[in-house]
Each structure stands twice: as C-alpha cells, then as structure tokens.
Amino acid sequence: MKKKICFFVLAAVLVLFSGCTTKEADSTASSTPKETISSSQETEIKASITLLDGEKELSKKDVTFNKGEKLFDVLKDNYAIEDKDGMITSIDGQAQDDKNNKYWVFTINDEQVNSGAKDVVLQEGDRVVFKLEQF
C-alpha cells in the first residue's frame, strides 16, 4: 500500500513540474517576437542627408532613426561631427572656415532652418541638406 501511495505522489509531482516548465517556455517564446517586431518598426523611419561644399556634393546618405529623435543625434550616429556649443563646426572632416566666413547651414525639405540641429526633431521622409556656405 505504501508503494502505491509513493508512486501516485511521485507521478503527481512529475506532472505538476512538467506542466509549469512548458507554460514558462511557451510564454517566453511568444513574447520575444512581439518585442522584435515593435522595435524594428520604430527604426524604420527614414530621411536623407546631403552634404554640400558650395554646389559640390560631398555625400548623400539615407538614414534611419527613431520617432522623436533630434537631427543632431542622427548626424552623430551617421557622420563624424564636431560642434561648439551645439553648433556644428565639422562634418566628416569638412570644417567651417572662420577666416573665409564659410559656415555650415542647413535646410529641411528646401526650407532654411533658423535653429540648431539639437533643437530640430527629424520627421519621416525629411530631406536635409547641410551646405558649407560663404557669407
């Protein structure tokens, strides 16, 4: 009689533990793809950035970024930039030239921007043009 009770208790414990393990594995496996999908959707926002020295095109890149991201941060992720007090002074080795009054200015969707790149939130499909311009 003791053998039968021990057998039933052992069988019940095995069923209980195997049921818990399966449920945890299923919930972990099903939550991982959802997180991957949502994070990949966030990074699919695209814009283009063109660098000009006068009328000469230095480079053009299509960039991806997260919603609400500032232009300055997107630049930092895609180019080697230098800045002074938030104003961009060099992009990919192309520096401003104070002696010749040549400075970086930028437009977004062909409109002049009068604030710094740290203040501008980039939007889906924006066309950003940075131009070294002489004043």
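Located above this text is the structure these notes cover.
Below is a summary of the structure that appears in this document. Keep in mind it's a predicted model, so treat the numbers as computed, not measured.

### Points about the nonpolar core
Formed by 24 residues in total, the largest nonpolar core has its most connected members in I49, L71, F106 and F130. Of all elements in the fold, only β1 (45–53), β2 (56–65), α2 (71–78), β4 (87–91), β6 (102–108) and β8 (127–134) reach the threshold of two or more residues within this core. Dropping the residues within four chain positions of it, F106 is found in contact with L71, E111, Q112, V113, S115, G116, A117, V120, V128, V129 and F130.

### Concerning the packing of aromatic side chains
Tallied over the full model, the rule gives 3 aromatic pairs. Ring geometry for Y103 and F135: centres 6.5 Å apart, planes at 40°, overall tilted. Here F135 lies in the segment after β8 and Y103 lies in strand β6, a separation of 32 residues in the sequence. The exposure class of Y103 is partly exposed, given its relative accessible area of 26%. F135 gets classed as exposed once you look at its relative accessible area, which sits at 58%. Taking the centre distance of 4.9 Å and the plane angle of 25° together, the rings of F106 and F130 count as stacked. Note that F106 is positioned in strand β6 and F130 in strand β8, a separation of 24 residues in sequence. Residue classification places F106 among the buried positions, given a relative accessible area of 9%. Accessibility expressed as a relative area gives 2% for F130, which makes it buried. One aromatic cluster is present, formed by W104, F106 and F130 through successive ring pairs. Positioned above the aromatic ring of Y79 is the side chain of K61, whose terminal nitrogen or guanidinium carbon lies 4.2 Å from the ring centre.

### So, the sheet that holds β4
The strand order across the open sheet built from 3 strands is β3-β4-β5, with neighbouring strands paired in antiparallel fashion. Bordering the open sheet on either side are β3 (81–84) and β5 (94–95), each of which pairs with just one other strand. Here α2 sits on the sheet in contact with β3 and β4, set at roughly 140° to β3.

### Topic: the pattern of salt bridges
Counted according to the given criterion, the structure contains 5 salt bridges. The residue K102 makes a salt bridge to D53 at a minimum N-O spacing of 2.9 Å. Of this pair, K102 sits in strand β6 while D53 sits in strand β1, and the two are 49 residues apart along the sequence. In this structure K102 comes out as partly exposed when scored by relative accessible area, which is 25%. Salt-bridge contacts for R127 lead to D110; the nearest nitrogen and oxygen are separated by 3.1 Å.

Conventions used here
Residues numbered from 1 in each chain as written. Predicted model: local features only at pLDDT ≥ 70, side-chain atom pairs only at ≥ 80, totals over all residues. Heavy atoms only, no water. Core = buried A, V, L, I, M, F, W, Y, C linked by side-chain atoms within 4.5 Å. Buried < 20%, exposed > 50% of the residue type's maximum accessible area, 1.4 Å probe, protein only. Helix = DSSP H or I, 4+ residues; strand = E, 2+ residues; numbered from the N terminus. Contact = heavy atoms within 4.5 Å. Phe/Tyr/Trp six-rings, centres within 6.5 Å; stacked < 30°, edge-to-face > 60°. Lys NZ or Arg CZ within 6 Å of the ring centre and 35° of its normal. Pairing = 2+ DSSP bridges. Axes fitted to C-alpha atoms, helices over the stretch in contact; angles between N-to-C directions. Salt bridge = Lys/Arg side-chain N within 4 Å of Asp/Glu carboxyl O.

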